[in-house]
Every structure is written in C-alpha cells, then in structure tokens.
Amino acid sequence: LAKTTQPISMDSYEGQEVNITCSHNNIATNDYITWYQQFPSQGPRFIIQGYKTKVTNEVASLFIPADRKSSTLSLPRVSLSDTAVYYCLVGDIRNFNKFYFGSGTKLNVKP
Amino acid sequence: DAGITQSPRYKITETGRQVTLMCHQTWSHSYMFWYRQDLGHGLRLIYYSAAADITDKGEVPDGYVVSRSKTENFPLTLESATRSQTSVYFCASNILAGRAEAFFGQGTRLTVV
C-alpha cells in the first residue's frame with residue numbers, strides 16, 4: 001500500500017487557483033493516482049485519475065512529475081462551493097479495495 | 001432511480017442490538033464496498049465484495065457481517081452494536097473499467113446509545 005501525505009488544511013479565496021500537493025514516495029509501478037472530493041454530509045466523489053505527466057478534465061488538472069513520488073491537484077478559479085475535503089489515493093486500479101482514504105486536505109474557500 | 005442508495009439515512013440504536021444497514025445499486029457493478037467514517041477522519045474499509053456470494057474483509061471488519069446474495073444489494077449488519085460503532089457508514093460500488101472511480105451512497109449516520 002502506497003502511503004500518501006497531504007496538508008491537513010488549506011485556505012483560499014474565490015477566484016484563485018488552488019494547488020494541493022500529495023506525497024507518495026513508495027508508489028508502485030502499477031499504481032495510479034486518484035483524487036476524490038467530499039462535501040459535508042455526502043459521500044466522496046471521484047474527481048480525476050492519472051498515471052504520469054498531466055491529466056485535465058472539466059473540473060481539475062492533475063500534475064505528476066516523472067518520478068511519480070508526488071502529485072498536484074490543481075483547481076482553477078475556485079468558488080465557495082469548492083469548499084470540501086480532498087483525498088489523494090494511490091493504488092492499482094484493479095484493486096479498489098486496496099485504495100486508502102487518509103484524512104485528506106480540508107480546503108476552505110473564503111469570499 | 002439510477003444510482004446507489006443507502007437506507008436508513010439516520011439510525012439510533014441501543015448497545016447490544018442488531019442493526020442492518022442497506023445498500024442498493026442499479027448499475028450492476030461487480031464490486032461493492034462498505035466504509036465507515038468517524039468524525040474528522042478519512043474512510044476506513046470494513047468489507048468489500050467482488051461479486052454475488054464473494055465477500056472479503058477490509059481494514060476494520062470486527063463486529064460486522066455482510067452478505068451479497070444479489071449483485072445489486074450489499075447489506076451490512078452489526079450483530080451486537082457497540083458505542084464505538086457510532087459512525088457514518090458509506091456504501092460504494094465500482095465497475096473496475098480501467099478507472100479507480102467508485103460511486104458512493106449518501107451515507108447512513110448511525111448512533112449507538
């Protein structure tokens with residue numbers, strides 16, 4: 001199991017770009033990096049997944065350096081509704097039961 | 001409605017009672033999971049199921065029982081509830097089509113008094 005380390009919390013203001021970094025030094029060759037978002041009183045929701053370099057979708061971008069020992073979730077121009085907990089998970093996509101949800105990063109977006 | 005639904009949303013039970021949390025998904029996903037989330041913490045896997053009649057333990061299985069007689073249902077039973085099992089329980093399903101994308105239910109908040 002690749003252990004991940006994320007900041008406990010981050011503050012931002014509306015309209016800013018937010019970058020949340022996750023460290024996963026012992027990532028394995030078959031492991032993918034996946035990010036989830038969780039709003040209060042809701043279940044987590046998949047945001048983005050990547051293996052290397054850069055992945056972008058309509059919600060976020062994921063940057064993964066060549067050594068894959070870390071990754072950065074980038075949220076462009078956040079709004080108050082982006083206030084949530086963001087989880088970085090690392091694992092083999094064939095075994096979701098092996099994915100570990102740590103404590104995540106609590107993002108507070110202020111007006 | 002399509003999706004994954006949990007029932008009940010809220011439950012209060014007494015110590016020692018048996019309680020069952022229900023989970024139903026309409027996608028026919030092979031994999032289903034039960035997690036618990038304690039205040040201020042991430043999710044911990046209790047049990048998972050790869051298909052009907054196939055279940056396996058996760059990180060924190062003690063005190064819980066699961067079954068999966070049909071693909072769409074994955075009930076979680078607390079055989080004799082304890083106060084330490086007060087938590088929010090999430091059910092999830094996953095098709096494993098090349099993405100680590102699991103779909104979560106809205107959660108069941110269980111209080112054991």
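Scope of this entry: the structure provided in the associated data block.

1. Examining the overall build of chain A
Inference 1: A tally of helices and strands in chain A yields zero helices and nine strands.
Inference 2: Beginning at the N terminus, the succession of helices and strands in chain A can be written as β-β-β-β-β-β-β-β-β.
Inference 3: On C-alpha atoms alone, chain A measures out to a radius of gyration of 13 Å, which is about the 13 Å that the 2.2 N^0.38 rule sets for 111 residues.
Inference 4: In terms of overall dimensions, chain A has C-alpha extents of about 40 × 30 × 25 Å along its principal axes.
Inference 5: Residue burial in chain A is summarised as follows: out of 111 residues, 49% are buried.
Inference 6: Relative to all contacts within chain A whose residues are 6 or more apart in sequence, the contacts with residues 24 or more apart total 56%.
Inference 7: Summed over all atoms, the accessible surface of chain A reaches about 5500 Å², with 51% contributed by carbon and sulfur.

2. Regarding the interface of chain A and chain B
Inference 1: Of the residues lining the interface, 19 residues belong to chain A; the matching set on chain B comes to 21 residues.
Inference 2: Together, Phe46(A), Phe96(A) and Asn97(A) form the three largest contributors to the area buried by chain A at its contact with chain B, with a combined 34%.
Inference 3: Put simply, chain A and chain B have zero salt bridges between them.
Inference 4: On the surface where chain A and chain B come into contact, there are six residue pairs in polar contact (both at pLDDT 80 or more).
Inference 5: Only strand 3 (31–38) and strand 4 (45–50) of chain A provide two or more residues apiece to the side of chain A that touches chain B.
Inference 6: A per-element tally of the side of chain A that touches chain B places strand 3 of chain A first, with three residues.

3. Topic: the sheet that holds strand 6 (residues 61–64) of chain A
Residues and elements named next belong to chain A.
Inference 1: In space, the four strands of this open sheet follow the order 2-7-6-5, with antiparallel pairing throughout. Each edge of the open sheet carries a strand with a single partner, namely strand 2 (18–23) and strand 5 (53–56). Within the sheet, the average angular offset between the axes of one strand and its neighbour, ignoring direction, is 15°.
Inference 2: Pairing of strand 5 with strand 6, which is carried by four bridges, proceeds in the antiparallel orientation. Its bridge partner lying in strand 6, Thr-53 is registered against Ile-64.

4. Some words on the environment of Arg17(B)
All names here are of chain B.
Inference 1: You can see Arg-17 is positioned in the loop between strand 2 (10–13) and strand 3 (19–25).
Inference 2: Between the alpha carbons of Arg-17 and Trp-34 there is a distance of 20 Å; along the sequence they are 17 residues apart.
Inference 3: With near-sequence residues (within four places) excluded, Arg-17 lies in contact with Leu-78, Glu-79, Ser-80 and Ala-81.

5. Observations regarding the sheet that holds strand 3 of chain A
All names here are of chain A.
Inference 1: Spatial ordering of the open sheet is given by 1-9-8-3-4, a layout of five strands whose pairing is mixed. Strands at the two margins of the open sheet, each flanked by one partner only, are strand 1 (9–13) and strand 4. Across the sheet, the axes of successive neighbouring strands diverge by a mean angle of 25°, strand direction being ignored.
Inference 2: Across five bridges, strand 1 lies against strand 9 (residues 105–110) in parallel orientation. Bridging from a neighbouring strand, Tyr-13 pairs with Lys-110 of strand 9.

6. Here's the deal with the state of the cysteines
Residue and element names in this part refer to chain A.
Inference 1: Counting across every chain of the model gives two disulfides over all chains.
Inference 2: Put simply, Cys-22 and Cys-88 are joined by a disulfide, and their sulfur atoms are 2.2 Å apart. The chirality of the disulfide connecting Cys-22 with Cys-88 is left-handed, given an S-S dihedral of about -80°. Of this pair, Cys-22 sits in strand 2 while Cys-88 sits in strand 8 (residues 84–92), and the two are 66 residues apart along the sequence. Here Cys-22 matches Cys-88 in class, with each residue buried.

7. Overview of the pairing of strand 6 (residues 54–57) of chain B
All names here are of chain B.
Inference 1: Here strand 5 (residues 43–51) runs beside strand 6; their pairing, made up of four bridges, is antiparallel. When the bridges of strand 6 are listed, Tyr-47 appears paired with Lys-57.
Inference 2: Between strand 5 and strand 6, which pair antiparallel in sequence order, lie two residues; one of them, Asp-53, sits at a positive phi of approximately 70°.

Definitions and limits used
- Residues numbered from 1 in each chain as written.
- Chains lettered and ligands numbered in written order.
- Predicted model: local features only at pLDDT ≥ 70, side-chain atom pairs only at ≥ 80, totals over all residues.
- Heavy atoms only, no water.
- Helix = DSSP H or I, 4+ residues; strand = E, 2+ residues; numbered from the N terminus.
- Rg over C-alpha atoms; globule rule 2.2 N^0.38 Å.
- Buried < 20%, exposed > 50% of the residue type's maximum accessible area, 1.4 Å probe, protein only.
- Contact = heavy atoms within 4.5 Å.
- Areas by Shrake-Rupley, 256 points an atom, 1.4 Å probe, with all protein chains shown as cover.
- Buried area = accessible area lost by both parts, 1.4 Å probe.
- Salt bridge = Lys/Arg side-chain N within 4 Å of Asp/Glu carboxyl O.
- Polar contact = N/O pair within 3.5 Å; in protein donor to acceptor, adjacent residues only side chain to side chain.
- Pairing = 2+ DSSP bridges.
- Axes fitted to C-alpha atoms, helices over the stretch in contact; angles between N-to-C directions.
- Disulfide = S-S within 2.5 Å.

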